[in-house]
Amino acid sequence: MAIQGVFRTVGVLAAGAMVLLGAIGCAPEAAPEPTPTPTPVVTPPPPPEPEPEPGAGPECPTLHCVSVVLSGDLLFHPQLWNTFSIKNTKGKNFDFLPLLEGQQGYLTRSDLAICQMETPLARVGGPYSGYPIFEIPPEVADAAKAIGYDVCTTASNHSVDQGTEGLNWTLDYLDELGIPHTGTYRTEGEKDEPLIVEANGVKIAIITATFSLNGLHAQHEWQVDYGGPENPLDPDRAIAKAKAARAAGAEIVIGAQHSGTEYATSPNIQQITNAHTLIDSGEFDMVLNHHTHSVQPAELYNGKWIFYGTGNVISESAPPSRHVNNEFALIRVQFAQQDDESWTVNDVAWVAATNKQNGGYKWCSVASDAPQGVCQSKAFDADVRKRTGATLNAMGAADAGLHEWLITKEYAPGE
């Protein structure tokens, strides 16, 4: 408005001078000077306030969070799958939803849930086989998808139990269900392509490897993330793949390593050395380990979390002397984005579970808040919970912030 006022005043003065010159008639009439067009002042709009993206899970301390749930091996034996056989319905011969549905309340309180598909899947209708050369009902994957698993790793000591045909069919079936996967591959070149998935607007890469193929051999070396007997986990390759993932836009990189001593409750030197090597590279934000069929400690190492073992997802009952086979843990890790756009872990929680409820096979949480009620008995449940917590915390994880996960006492979107 001030600029308009100035030009209005100048215009008025020029018009008065022209009238005076015309009246005395002693000078030629001068052409009026053009009035300059004012340059408008444009004030750019303020940048929009960033929209909070808290994600699922605990309260987010920054504007953007993402939470990830980690679990162990999906390993099924005949007694377990036969218990859940059904009359063929729409091409399905098993219904594992009643077995695994107890996990659903936990998986929905995360933005990304990662499973480990331990063994090859059979064709619908079989034939099936158990230990030592597995080929399990594909309905296991249906149930995993139904309860909320988003992505599966497939590199394990059983990856080539059914050769190339079984390996390819397993990946085909996961594709059919819409479950992204990494660890085994159908074509050369796929092994070098890091898996990057998006959860709550965050790009997360998952890099995996196995320590063994149980003495079997893949038809092609590129079919499995396995470095061979001399360098099985091949951390250099995992680090190179993590760098490729970063270059492709991954904001968080997770290592999922398949190694360890079965039924041991402490990590062996291979697990520790490999996990530390990945963290020391600076390319990994977290490392998960599976294979041991037992819960093992968590460790905060150089500011990054390592989970050496979460047990199975579910199991057929083992003898009491091997009770660790029947005890499981789910881990949820929340990452919060900082002002410099880096991601740091803000919350780490665990829940313990057992494999039976009311005498039948069922994944059942033994957490202090008992969201599924009593699993086997109050004393039994408390013993599993106490033992699981003590094992997870054996390397100081509780002092670093690891705590029990109580879903009945936290907010979940939509509730």
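Above: the structure in question.
What you see is a predicted model, and the numbers here were worked out from it, not measured in a lab.

Procedures and definitions
Residues numbered from 1 in each chain as written. Predicted model: local features only at pLDDT ≥ 70, side-chain atom pairs only at ≥ 80, totals over all residues. Heavy atoms only, no water. Helix = DSSP H or I, 4+ residues; strand = E, 2+ residues; numbered from the N terminus. Buried < 20%, exposed > 50% of the residue type's maximum accessible area, 1.4 Å probe, protein only. Contact = heavy atoms within 4.5 Å. Areas by Shrake-Rupley, 256 points an atom, 1.4 Å probe, with all protein chains shown as cover. Lys, Arg positive; Asp, Glu negative; His and termini not counted. Charge placed at Lys NZ, Arg CZ, Asp CG, Glu CD. Pairing = 2+ DSSP bridges. Right-handed = clockwise from strand over helix to strand, strands pointing away. Expected span 1.5 Å × (residues − 1). Core = buried A, V, L, I, M, F, W, Y, C linked by side-chain atoms within 4.5 Å. Axes fitted to C-alpha atoms, helices over the stretch in contact; angles between N-to-C directions. Salt bridge = Lys/Arg side-chain N within 4 Å of Asp/Glu carboxyl O. Phe/Tyr/Trp six-rings, centres within 6.5 Å; stacked < 30°, edge-to-face > 60°. Lys NZ or Arg CZ within 6 Å of the ring centre and 35° of its normal. Polar contact = N/O pair within 3.5 Å; in protein donor to acceptor, adjacent residues only side chain to side chain.

Looking at the overall build of the protein
Step number 1: Within the protein one finds nine helices and 17 strands.
Step number 2: With respect to the three principal axes, the spread of C-alpha positions in the protein is 125 × 50 × 50 Å.
Step number 3: Put simply, the protein has 415 residues, and 49% of those count as buried.
Step number 4: Considering only contacts in the protein between residues 6 or more positions apart, those separated by 24 or more positions represent 70%.
Step number 5: Approximately 18,900 Å² of the protein is accessible, and the part contributed by carbon and sulfur atoms is 55%.
Step number 6: Charge separation in the protein, taken as the distance between the mean sites of 24 positive and 49 negative side-chain charges, equals 7 Å.

Thoughts on the pairing of strand 10 (residues 286-290)
Step number 1: Taken across its five residues, strand 10 has five buried, putting it largely inside the fold.
Step number 2: The side-chain alternation of strand 10 yields two buried faces, one formed by Met286, Leu288 and His290 and the other by Val287 and Asn289.
Step number 3: Pairing of strand 9 (residues 252-258) with strand 10, which is carried by five bridges, proceeds in the parallel orientation. Residue pairing for strand 10: Ile254 is matched across the bridge by Met286.
Step number 4: Between the parallel elements strand 9 and strand 10, the chain passes through helix 8 (residues 269-280) in a crossover that is right-handed.
Step number 5: As defined by bridge partners, strand 10 adjoins strand 12 (residues 304-307) across three bridges and the pair is classed as parallel. Paired with Val287 across the bridge in strand 12 is Ile306.

A few points about helix 8
Step number 1: Relative to the 16 Å expected for twelve residues at 1.5 Å per residue, helix 8 spans 16 Å between its end C-alpha atoms, a close match to the ideal helical length.
Step number 2: Turning to helix 8, its buried residues number three or more, namely Gln271, Asn274, Ala275, His276, Leu278 and Ile279.
Step number 3: Looking at the buried residues of helix 8, the elements they touch are helix 7 (235-247), strand 9, strand 10, strand 11 (298-301) and strand 12.
Step number 4: Phi turns positive, to about 80 degrees, at Gly282, one or two residues after helix 8.

A word on the pairing of strand 9
Step number 1: For strand 9, the buried fraction is high: seven of the seven residues fall into the buried class.
Step number 2: Burial of the side chains of strand 9 extends over both faces: Ile252, Ile254, Ala256 and His258 are buried on one face and Val253, Gly255 and Gln257 on the other.
Step number 3: Two strands pair when backbone bridges link them, and strand 8 (residues 202-210) and strand 9 are joined in this way by seven bridges, in the parallel orientation. Across the sheet, residue Thr208 finds its bridge partner in strand 9, namely Ala256.
Step number 4: Traced from strand 8 through helix 7 to strand 9, the parallel crossover comes out right-handed.

What about the nonpolar core?
Step number 1: Of all hydrophobic cores here, the largest spans 43 residues; its most connected members are Phe76, Phe96, Leu99 and Tyr149.
Step number 2: A per-element tally of this core places helix 5 (residues 139-147) first, with five residues.
Step number 3: Contact partners of Phe96, with chain neighbours within four places excluded, come to Phe76, Leu80, Trp81, Phe84, Pro137, Glu139, Val140 and Ala143.
Step number 4: Counting 36 residues, the second largest nonpolar core, distinct from the first, contains Val66, Ala256, Met286 and Val348.

A short note on the sheet that holds strand 11
Step number 1: As summarised here, the arrangement of the six strands in space is 7-8-9-10-12-11, forming an open sheet in which the pairing is mixed. In this open sheet, the two edge strands, each paired with only one partner strand, are strand 7 (195-199) and strand 11. Taken over all neighbouring pairs, the strand axes of this sheet differ in orientation by 20 degrees on average, direction set aside.

Quick word on the pattern of salt bridges
Step number 1: Per the counting criterion, the structure on display carries 13 salt bridges.
Step number 2: Salt-bridge contacts for Asp142 lead to Lys92; the nearest nitrogen and oxygen are separated by 3.1 Å. Of the two residues, Asp142 is situated in helix 5 and Lys92 in strand 3 (residues 92-94); the sequence distance between them amounts to 50 residues.
Step number 3: Lys92 gets classed as partly exposed once you look at its relative accessible area, which sits at 25%.
Step number 4: As a salt-bridge pair, Lys191 and Glu221 come within 3.5 Å of each other at their nearest N and O atoms. With Lys191 in the loop between strand 6 (181-182) and strand 7 and Glu221 in the loop between strand 8 and helix 7, the pair connects residues that are 30 residues apart, well separated along the chain.

Some points on the packing of aromatic side chains
A ring pair, where both rings are aromatic, is described by two values, the distance of the centres and the angle of the planes.
Step number 1: One pass over the structure, following the stated rule, counts ten aromatic pairs.
Step number 2: Here the aromatic rings of Tyr106 and Trp405 are separated by 5.0 Å at their centres, their planes lie at 80 degrees, and the arrangement is edge-to-face. Remark: Trp405 occurs in the segment after strand 17 (402-404) and Tyr106 occurs in helix 4 (residues 104-107); sequence separation between them is 299 residues. Accessibility classification places Tyr106 together with Trp405 in one group, the buried group.
Step number 3: Among the aromatic side chains, those forming a connected cluster through ring pairs are Phe76, Trp81, Phe84, Phe94, Phe96 and Tyr128.
Step number 4: Note that Arg322 overlies the ring of Tyr263, its terminal NZ or CZ placed 4.2 Å from the centroid.
Step number 5: Above the plane of the ring of Tyr361 lies Lys356, whose end atom (NZ or CZ) is 5.0 Å from the centre.

Quick word on the side chain of Asp225
Step number 1: Inspection of the secondary structure assignment puts Asp225 in the loop between strand 8 and helix 7.
Step number 2: Looking at Asp225, the relative accessible area reads 5%, which means it is buried.
Step number 3: Looking at Asp225, its side chain comes within polar contact range of the side chain of Tyr185, at 2.3 Å.
Step number 4: What Asp225 contacts, discounting residues up to four positions off in sequence, is Ala155, Thr182, Gly183, Tyr185, Lys191, Thr208, Ala209, Thr210, Arg237 and Lys241.

What about unusual backbone geometry?
Step number 1: The omega torsion across Gly126 and Pro127 is 5 degrees, close enough to zero to call that bond cis.
Step number 2: As for its placement among the helices and strands, Pro127 is situated in the loop between strand 4 (112-117) and helix 5.
Step number 3: A positive phi angle is found at Glu341, which is not glycine, with a value near 75 degrees.
Step number 4: Within the secondary structure layout, Glu341 lies in the loop between strand 14 (327-337) and strand 15 (343-357).

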